[in-house]
Amino acid sequence: MKSRRDFLKTTGGLVLATGGTWLAGHAHGADAVMGPAELPEGTLSASLLEALPGKVPLIKKSWRPPNYETPVSYFNDVFTRNDAFFVRYHLANIPEVAAAGWRVKIGGEAVEKPLELSLENLQNDYEQVEIAAVCQCSGSRRGMFQPHVPGVEWGPGAMGNARWKGARLKDVLTKAGLRKDALEIVFDGADSGVFPATPDFVKSIPVWKAMDENALIAWQMNGQPLPHWNGFPARIVVPGWTSTYWMKHVTSINAVTKPFDGFWVKSAYRIPRGKFPLVDRFISQETDVNTPITEMVVNSIMTNVANGQQVAAGQPFEVKGVAWDGGYGISRVEVSQDGGQSWRSATLGQDYGRFSFRQWTYMVTPSQRGPLTVMARASNRAGATQTFELIANPAGYHHNVVQRIALNAA
Ligand SMILES: Nc1nc2c(c(=O)[nH]1)N[C@H]1C(S)=C(S)[C@@H](COP(=O)(O)O)O[C@H]1N2
Ligand SMILES: [Mo]
């Protein structure tokens, strides 16, 4: 049998999706798979379904670094399959980390007893916890911003929901003798840039967030080892916060007493201050004008319908979707089938915890033939609701505009 390495060598790591068999089971047409029609011109035609080793075909946004989006139909399941989970990297040099040789170093000036953990230590020396949590890129749906903003032109699938298992970051930091003057916890991973001038992808979070009992050093995803592309053998999981902080292939965790000043915290992943109704703040990194992105905004998506889909007039059909937020929990999803004039509550599915996708369903019966616009709007327990108007921001983050799907009853 060919090894994965041989495979990578011979194909450049790519398998093109050919034939219609996979598409047939998963969507209602090419648009539904590749993303919404609002994506910038050229983006849809340039996107391909391609399989990275170990993954089903995903929507390719770029190959170096690898950025692959999950087709929406996979979100019909409340947990996203590991082999369909999106992939996002900033840097192109991504080593295949071997479990046996991997170590994560816990250090920095704000710990008293620096530590080094093997995978066995992580799995055996600490209490293991499992948390269902949404991993969503800050820029998911960036491609739908009007006017367009630069960056990976993601559709809605730069996200996924999984059960993450591992040790609490808090327990590991406590074992390392975290000092009272610790301000931020800094994470680095095994990947790096191809050119020395490229700033390494290093991220920090406030110490209070790292000490939250839900933050993990996770080595398992949906009951399986993490896929290579999602951070094998271990990654940081920061439930509620956008996944820019969820360091993959984590190799060092440093507690520091001063604000970390690396490019990816100081200059990137920032939002204007005061524009979003968010609760969590990263105060040690705030400037007069902007602040690091923190928790996800309340959001939802319809998962079993696509623009242009035909439905039968007079026949009830079930619209399905998922809703999520920054960890307050979904309180309500409302659906409109008249373009937003009237709204009714959808039925919420099983609650897997406040950080997870929450499924919802709603029966729509088109009363007559012709176009029908279905909309869905989620609210959370902190009193926030999805917006109708885009909140503009330079990097194209936090797109949570209420989705509209135009169906056709015949
Ligand atoms: N080592 C490493 N970890 C990383 C990144 C990266 O480029 N390198 N990108 C971050 C960002 S911005 C996102 S959105 C998530 C994506 O997680 P996924 O690829 O498992 O879907 O990983 C985060 N962790
Ligand atoms: Mo991201």
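Treat the numbers as computed from the prediction; the structure is a model and nothing was measured.

## Side note on the overall build of the protein chain
Counting secondary structure elements, the protein chain contains eight helices and 26 strands. Computed over C-alpha atoms, the radius of gyration of the protein chain comes to 21 Å, within 12% of the 22 Å expected from 2.2 N^0.38 for 410 residues, which places it in the range of a compact globule. Each principal axis of the C-alpha atoms in the protein chain carries an extent, and together these give about 70 × 55 × 40 Å. A buried classification covers 56% of the 410 residues belonging to the protein chain. Sequence separation of 24 or more characterises 70% of the internal contacts of the protein chain that already satisfy a separation of 6 or more. Here the protein chain contributes 41 positive and 36 negative side-chain charges, whose respective centroids are spaced 1 Å apart.

## Quick word on unusual backbone geometry
Between Arg-64 and Pro-65 the backbone carries a cis peptide bond, its omega angle lying at -5°. As for its position among the elements, Pro-65 is in the loop between β3 (58-62) and β4 (67-69). Residues other than glycine seldom take positive phi values, yet Asn-222 does so here, at roughly 50°. Positionally, Asn-222 belongs in the loop between β12 (216-221) and β13 (224-225).

## Topic: the nonpolar core
Most often, soluble globular proteins have nonpolar side chains that are buried together. Membership of the largest hydrophobic core comes to 64 residues, with the highest contact counts inside it found for Trp-164 and Ile-253. With five residues, the single largest contributor to this core is β12. Within the second largest apolar cluster, 22 residues are counted, among which are Val-311, Ile-330, Ala-346 and Tyr-362.

## A closer look at the site of ligand 1
In the vicinity of ligand 1, 19 residues are found, and the nearest of them are Phe-86, His-90, Asp-191, Arg-235 and Lys-248. Contact distances for ligand 1 include 2.7 Å between an oxygen atom and a backbone N or O atom of Phe-86. Burial of ligand 1 by the protein amounts to 100% of the accessible area it has alone, namely 540 Å². For the shell around ligand 1, the per-class residue count stands at eleven nonpolar, four polar and four charged.

## Details of the packing of aromatic side chains
Going through the model one piece at a time under the given rule, you end up with 14 aromatic pairs. Taking the centre distance of 6.2 Å and the plane angle of 90° together, the rings of Phe-86 and Trp-154 count as edge-to-face. On the criterion of sequence distance, the pair formed by Phe-86 in the loop between β4 and β5 (87-88) and Trp-154 in the loop between β8 (128-136) and β9 (159-168) is long-range, its members being 68 residues apart. Per residue, the accessibility class of Phe-86 equals that of Trp-154, and both read buried. Measuring from ring centre to ring centre gives 5.5 Å for Trp-164 and Trp-246, while their planes differ by 80°; the resulting arrangement is edge-to-face. Taken together, the positions of Trp-164 in strand β9 and Trp-246 in the loop between β14 (235-237) and β15 (250-256) put the pair 82 residues apart, joining distant regions of the chain. Trp-164 gets classed as buried once you look at its relative accessible area, which sits at 0%. Three or more aromatic residues joined by ring pairs make a cluster, and in this case those are Phe-85, Phe-86, Trp-154, Trp-164 and Trp-246. The positively charged end of Lys-248 is found above the aromatic ring belonging to Tyr-89, 3.6 Å away from the centroid. Here Arg-377 stacks its cationic end above the ring of Trp-343, 4.4 Å away from the centre of that ring.

What counts and how
- Residues numbered from 1 in each chain as written.
- Chains lettered and ligands numbered in written order.
- Predicted model: local features only at pLDDT ≥ 70, side-chain atom pairs only at ≥ 80, totals over all residues.
- Heavy atoms only, no water.
- Helix = DSSP H or I, 4+ residues; strand = E, 2+ residues; numbered from the N terminus.
- Rg over C-alpha atoms; globule rule 2.2 N^0.38 Å.
- Buried < 20%, exposed > 50% of the residue type's maximum accessible area, 1.4 Å probe, protein only.
- Contact = heavy atoms within 4.5 Å.
- Lys, Arg positive; Asp, Glu negative; His and termini not counted.
- Charge placed at Lys NZ, Arg CZ, Asp CG, Glu CD.
- Core = buried A, V, L, I, M, F, W, Y, C linked by side-chain atoms within 4.5 Å.
- Near = heavy atom within 4 Å.
- Polar contact = N/O pair within 3.5 Å; in protein donor to acceptor, adjacent residues only side chain to side chain.
- Areas by Shrake-Rupley, 256 points an atom, 1.4 Å probe, with all protein chains shown as cover.
- Nonpolar A, V, L, I, M, F, W, Y, C, P; charged D, E, K, R; others polar.
- Phe/Tyr/Trp six-rings, centres within 6.5 Å; stacked < 30°, edge-to-face > 60°.
- Lys NZ or Arg CZ within 6 Å of the ring centre and 35° of its normal.

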